[in-house]
Amino acid sequence: MVLSLPAQSSPEFRYPAFRSLTHVGRPERIKPSIPRMDDTDAQLNLIALRGLTAGDRAAARTVYDRYGRIIFSVELKILRNREEAEEATQDVFLALWKNARQLLDTPEKLLPWLLRTARHRGIDRLRRQRSRIATPDSVSEDQANRVVEDTDDETALDSLVDSERATLVQSAVARLPEEQRQAIDLAYFKGMTQSEIADQQHQPLGTVKSRIRYALTRLRQELEGPHAT
Amino acid sequence: MQRDALEELAIAYLLDELAESERRAFEKRIAAEPETAQLVAELEESLGEIALAATPLEEPSAGLRERVVASLPSPSESSAATRSRSSVVFGPWIAIVGWAAAACFTVAWINERRDLQHWRQAAQTQSELIEERSSRIEQLTEEQTELERSLAALEADNALKDSQLATLSQIEDRLDQVAQNLQAVGAERDALKTTVATLREERALDKVRIATLSSELNQQNFGYVVWDTQADEGVARVYNMPEIDPDTQSYQLWVITEESPAPISAGLFTVDPSGQGESRFRPEGPVEAVKAFAISREKKGGSTAPEGPIIISGQPTI
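This is a predicted model, so every value here is computed, not measured.

Topic: the overall build of chain B
Then, number 1: Counting its regular elements, chain B contains six helices and nine strands.
Then, number 2: The buried share among the 318 residues of chain B stands at 28%.
Then, number 3: For chain B, the proportion of contacts with a sequence separation of at least 24, taken over those separated by at least 6, is 53%.
Then, number 4: If you sum the accessible surface of chain B, you get close to 20800 Å²; carbon and sulfur atoms cover 55% of it.

In structure tokens:
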């Protein structure tokens, strides 16, 4: 005879600031998750997130070792300034330090959260910088706007997935029509709204929306084809 | 909402183009609709992969790692910083913050109580479950005991039936015996009937007297008479009687009684040429006690009193 606990969810702690007063060492409720990229990644993320929640700086170093370079690369792509990119990277990890608990139930979403936060912080900084003064840390416009087409160039994606998938993705991206890739580049890395892109390119807003939408759906279709892994 | 429109809305969400209210509304929808959540996740992944595929991998400065770690506040530092900022920046609002903190603490305490209550309820529910299971076990045990009793009763009943069957078999055997006995009794009854009939016949002979008639002159002339004393009638049979002239002579039977000195005629008697004859007769007068019987040769038609010679005669035996 197996007795099980009633099907009730544990009460939520609504005031994290007082958690140290109320938490009596109860085990954390972990929902099972099915990470998209790799179960091992999700498990490693979960371990790191638990450490971050507990204030373990070693966990912060672990996360940085896994994703710091990527975050920095994205920030640099956006900000085109190394100092700014490093500061933005610190902002991202500070945000993670404060909000790690939110990701405990979905550790597989750590990277998407980091990327979203990195883009958000980067775009915020970019918008605050109305005038850009060239500094030795600045990267050139060409370098910042470089579209990766040479498969020999290492990309942020290469450090995340195996080379086969990275090649598939990069090949699929390379096959995207130029206007679709440009629309995504302007929206993602330049922080332009789709309306602003439409104005800049003298295109209807619907066209710009469709281009971005087609780019994303086409990529998914190509990656889910027979050759995908 | 059609798929295309939903995808455009999701993309706007991922690119942070939605207004605050729109963003919150869409996040609620993501939480409520698994399909929408799945769509957003897929688009986000695709968007991320495109972005990362277009991002050259750059190496930050060597010290960034430690600067990142060093910039992370400790939990105590976070609290102290909060208090410090509160005292320096929010001087006039300390009282309000204090009251708010107290309220939060109270709410947290209430939540804690609620947590404890929750665990108590869970424990209570467990106890109830255990008690219910125990009660069920007892009930099943009682049912099992009852079933065992029923089984024992059935087995006893079967044994009784077996015994009854054996008894029935014995009874059948006895019935067979009885039938045989009855048959024997029947046979005895029949024998008894025969005996009774015989006895009855024997009793009937009580009223029958038999007289043997013989001749002193010729032993070949004989006869007998069977006389019913109650009916006063009898039967006479003769053998080897001398031949007589039927034109002029007749044999006549006479009954001699104790009470009457004169023989009483019992009628004429006819014999065949071999001298044999039989006659059923009734005396022509009352007979009390028969003393003897006689047959004489008389003139043709008989006489009122014996005149001719007595051919045969005899006395009835007792």
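The rest of the description comes next.
Some words on the packing of helix 1 (residues 3-14) of chain B against helix 2 (residues 20-32) of chain B
All names here are of chain B.
Then, number 1: Two numbers describe how helix 1 lies on helix 2: the axes approach to 11 Å, and their chain directions differ by 120°. Considering only the axes of helix 1 and helix 2, their crossing is left-handed. Mapping the contact onto sequence places L6, L9, A10 and Y13 in helix 1 and R23, F26, E27, R29 and I30 in helix 2.
Then, number 2: Broken down by class, the residue content of the contact of helix 1 with helix 2 amounts to six nonpolar, no polar and three charged.

Focus: unusual backbone geometry
Then, number 1: The phi dihedral of H202(A) falls on the positive side, at around 55°, and the residue is not glycine.
Then, number 2: Overall, the relative accessible area of 72% leaves H202(A) in the exposed class.
Then, number 3: In this structure, N240(B) takes a positive phi of about 55° despite not being glycine.
Then, number 4: If you trace the backbone, N240(B) turns up in the loop between strand 3 (233-239) and strand 4 (249-257).
Then, number 5: A relative accessible area of 38% means that N240(B) is categorised as partly exposed.

Description of the side chain of S303(B)
Residue and element names in this part refer to chain B.
Then, number 1: One can find S303 in the loop between strand 7 (290-299) and strand 8 (310-314).
Then, number 2: Take S303: its relative accessible area is 8%, and that puts it in the buried class.
Then, number 3: The contact partners of S303, leaving out residues within four places of it in the chain, are Q252, W254 and E298.

Some thoughts on the nonpolar core
Residues and elements named next belong to chain A.
Then, number 1: Counting residues in hydrophobic clusters, the biggest one holds 82 residues, and the most contacted among them are L52, Y67, I70, L96, L114 and I212.
Then, number 2: Here the element with the most residues in this core is helix 3 (residues 57-79); it accounts for twelve residues.
Then, number 3: What L114 contacts, discounting residues up to four positions off in sequence, is V63, Y67, I71, V92 and L96.

Re the side chain of N45(A)
All names here are of chain A.
Then, number 1: Along the chain, the position of N45 falls in helix 2 (residues 39-53).
Then, number 2: The exposure class of N45 is buried, given its relative accessible area of 3%.
Then, number 3: At a separation of 3.1 Å, a polar atom in the side chain of N45 contacts the side chain of Y67.
Then, number 4: Reaching out from N45, the side chain makes a polar contact with the backbone oxygen of P107 at a distance of 3.1 Å.
Then, number 5: With residues near it in sequence (within four places) discarded, N45 still touches R66, Y67, P107, E108 and L110.

Looking at the packing of helix 10 (residues 205-223) of chain A against helix 1 of chain B
Then, number 1: Contact geometry for helix 10 of chain A and helix 1 of chain B: axes closest at 10 Å, N-to-C directions at 95°. Judged on the interaxial angle alone, helix 1 of chain B and helix 10 of chain A are roughly perpendicular. Only D4(B), E7(B), E8(B) and I11(B) of helix 1 of chain B make contact with helix 10 of chain A, whose side of the interface consists of K209(A), S210(A), I212(A), R213(A), L216(A) and T217(A).
Then, number 2: Tallied by class, residues from the contact of helix 10 of chain A with helix 1 of chain B come to three nonpolar, two polar and five charged.

Quick notes on the confidence of the model for chain A
As a general rule, the predicted coordinates of low-pLDDT regions are not to be interpreted in detail.
All names here are of chain A.
Then, number 1: Per-residue confidence for chain A gives a mean pLDDT of 76, with 71% of residues at or over 70.
Then, number 2: Across chain A, helix 4 (residues 82-99) holds the top mean pLDDT of 94, while helix 1 (residues 19-22) sits lowest at 40.
Then, number 3: Scored below 50 in pLDDT, residues 1-37 shows 59 contacts in the model against residues more than four places distant or in partner chains.
Then, number 4: With pLDDT under 50 throughout, residues 146-151 is counted as low confidence; its partners more than four residues away or in other chains account for 13 contacts.

Calculation notes
- Note on numbering: residues in each chain are counted from 1, in written sequence order.
- All chains are assigned letters beginning at A, and all ligands numbers beginning at 1, according to the order in which they are written.
- With pLDDT at 70 or above as the cut-off, local features in this predicted model cover only qualifying residues; side-chain atom pairs require 80 or more to be listed or tallied, and sums for whole chains, interfaces and linings still use all residues.
- Note that the side-chain values use all heavy atoms of the structure and ignore hydrogens as well as water.
- By the criteria applied, helices consist of DSSP H or I runs no shorter than four residues and strands consist of E runs no shorter than two, each listed in order from the N terminus.
- Between buried and exposed lies partly exposed: a residue is buried under 20% and exposed over 50% of the maximum accessible area for its type, with that area taken using a 1.4 Å probe on protein chains only.
- The contact criterion used throughout is that any non-hydrogen atoms of two residues lie within 4.5 Å.
- Where accessible areas are quoted, they stem from the Shrake-Rupley method and a 1.4 Å probe; at the residue level, only the protein chains shown are allowed to cover.
- Fitted lines through C-alpha atoms serve as axes, helices being fitted only where they are in contact, and the angles separating the N-to-C directions of these axes extend from 0 to 180 degrees.
- By convention, the crossing between two helices is left-handed when the near helix turns anticlockwise from the far helix through less than a right angle, and right-handed when the turn is clockwise.
- Under the convention adopted here, Pro, Cys and the residues Ala, Val, Leu, Ile, Met, Phe, Trp and Tyr are nonpolar, Asp, Glu, Lys and Arg are charged, and Gly plus all remaining residues are polar.
- By nonpolar core is meant a set of buried Ala, Val, Leu, Ile, Met, Phe, Trp, Tyr and Cys residues that side-chain atoms within 4.5 Å join together.
- In protein, a polar contact requires one atom able to donate a hydrogen and another able to accept it; more generally it is a pair of N or O atoms within 3.5 Å, and residues adjacent in sequence count only if both atoms are side-chain atoms.
- To sort the angles, those under 35 degrees are grouped as roughly parallel, those over 145 as roughly antiparallel, those from 65 to 115 as roughly perpendicular, and the leftovers as oblique.
- Looking at any residue, its pLDDT shows the predictor's confidence there, from 0 to 100.

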